[in-house]
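The primary structure of each chain is shown beneath.
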Amino acid sequence: MLEIKNLTIGYATAGGVVKAVKEVNFSVKPGQIVGLVGESGCGKSTALFSIMGLIKSPGKIMDGEIVYNGHNLASQTPDQWRSIRGKEIAMIFQDPMTTLNPAFRVGKQIHEVLQTHRVIEPEKKGWLERFKLRHKEKERVLTLMREVGISAPEQRYEAYPHQFSGGMQQRILIAMGLACNPKLLLADEPTTALDVTIQAQILDLLKRINKEHGTSMIIVTHDLGMAAEFCHEVAVMYAGQIVERGPTELLIANPKHPYTKGLLQSIPRITKTRQRIEPIPGTVVDLAKLGDECAFRARCSYASDDCSNAVTMTQISEEHQVRCVLYERGSEASGIQQAAAHF
Ligand SMILES: Nc1ncnc2c1ncn2[C@@H]1O[C@H](COP(=O)(O)OP(=O)(O)OP(=O)(O)O)[C@@H](O)[C@H]1O
């Protein structure tokens, strides 16, 4: 359904071009949920926004393809992009308060998505037909509100965003995303602004939508624990590159990259009392200063001189890939493979 091929996105800055996304490859199959996971500044949102055609200057797609159902979106005109945005591919943003317009009633805001894409085409232009169309569209809005768990939608249609809690506002955004029955839903940290119990409810809702409508999803999150529960596949990003990718169960049970391992060790677990959480030392490298070397080497306890060269993706098994010199072909000779075995 979606294949990202060798995608590189750069931002022009005073200090030169910063590659926020660098030679990224991943795919999404119909009905699949893929998680893009990593710390802040790793390029997750840039990768996600590019699929919606929302990279703005000084950002630019420098290389690669975004192939959606056989068409390369990266070479589309803004008009072509507009025709699929919201209809085929929709997006839920991180903070509902900045996405919803505080001056308009929520029902009207969901209604507007339907109007923009004309899911229900007017057969004729007479006043009766227009009245019937408006009625049908309002019914669709109420159905959407009910589907995302908003009770008494008839009354709440008329309410303003500030009259809803954070969780309910996020449900409104999900209803807007679903309005045109998209095949692919993109979510940028959809639960970050919510408290834990509400987070779980929103994730349950997204899971139900995925199961009932077969909607594929890409979820961007810094929380590997959340991705482990929610996604079929996980791609771990670091400094603009995917460093490990694979089916969730495989990747969680058998993480290969030191960064993935570090992310896993920093997840608190309530089942283990007095468990020691091991934060990853240091911070994400400054992308402007990054060359071809492994971007994680300064924070990695396994770093060696070999890490100063460009690192390619190594196929661990049919579906599991990792970008680390510990697993690169030829490393056996230098004995590094032994370190990997103990890792
Ligand atoms: N408008 C911009 N101008 C210059 N550089 C930018 C711009 N936007 C992003 N970047 C660069 O791209 C990098 C990746 O940003 P991006 O927002 O995609 O990361 P992220 O992993 O989604 O982080 P977050 O979770 O904080 O949104 C940033 O660290 C920054 O160096």
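Residues numbered from 1 in each chain as written. Predicted model: local features only at pLDDT ≥ 70, side-chain atom pairs only at ≥ 80, totals over all residues. Heavy atoms only, no water.

The name given to the protein chain in an unreviewed UniProt entry is ABC transporter ATP-binding protein, with Paenibacillus radicis as the source organism. Its UniProt record, at the heading Subcellular location (unreviewed entry), says of the protein chain: "Cell membrane". Note on the protein chain: under the UniProt heading Sequence similarities (unreviewed entry), the record states "Belongs to the ABC transporter superfamily." (UniProt positions renumbered as here; feature names shortened; annotations may be inferred.)

Let us now look at the nonpolar core. In this structure, Leu206 and Ile218 are the most contacted members of the largest nonpolar core, which totals 90 residues. The residue makeup of this core includes at least three contributed by each of domain 1 (2-88 + 182-342) and domain 2 (103-181). If we ignore the near neighbours within four places in the chain, the residues touching Leu206 are Ile92, Ile174, Leu185, Pro190, Met217, Ile219 and Phe230. (Core = buried A, V, L, I, M, F, W, Y, C linked by side-chain atoms within 4.5 Å. Buried < 20%, exposed > 50% of the residue type's maximum accessible area, 1.4 Å probe, protein only. Domains from an automatic or database assignment. Contact = heavy atoms within 4.5 Å.)

The next point concerns the packing of helix H4 (residues 106-117) against helix H7 (residues 166-178). At a minimum axis separation of 8 Å, H4 and H7 run at an interaxial angle of 20 degrees. Classed by the angle they form, the pair H4 and H7 counts as roughly parallel. Between H4 and H7 the crossing geometry is right-handed. Along the contact surface, H4 presents Val106, Gln109, Ile110 and Val113, while H7 presents Ile172, Ala175 and Met176. A breakdown of the residues in the contact of H4 with H7 according to their chemical character gives 6 nonpolar, 1 polar and no charged. (Axes fitted to C-alpha atoms, helices over the stretch in contact; angles between N-to-C directions. Helix = DSSP H or I, 4+ residues; strand = E, 2+ residues; numbered from the N terminus. Parallel < 35°, antiparallel > 145°, perpendicular 65-115°, else oblique. Left-handed = near helix turned anticlockwise from the far one by under 90°. Nonpolar A, V, L, I, M, F, W, Y, C, P; charged D, E, K, R; others polar.)

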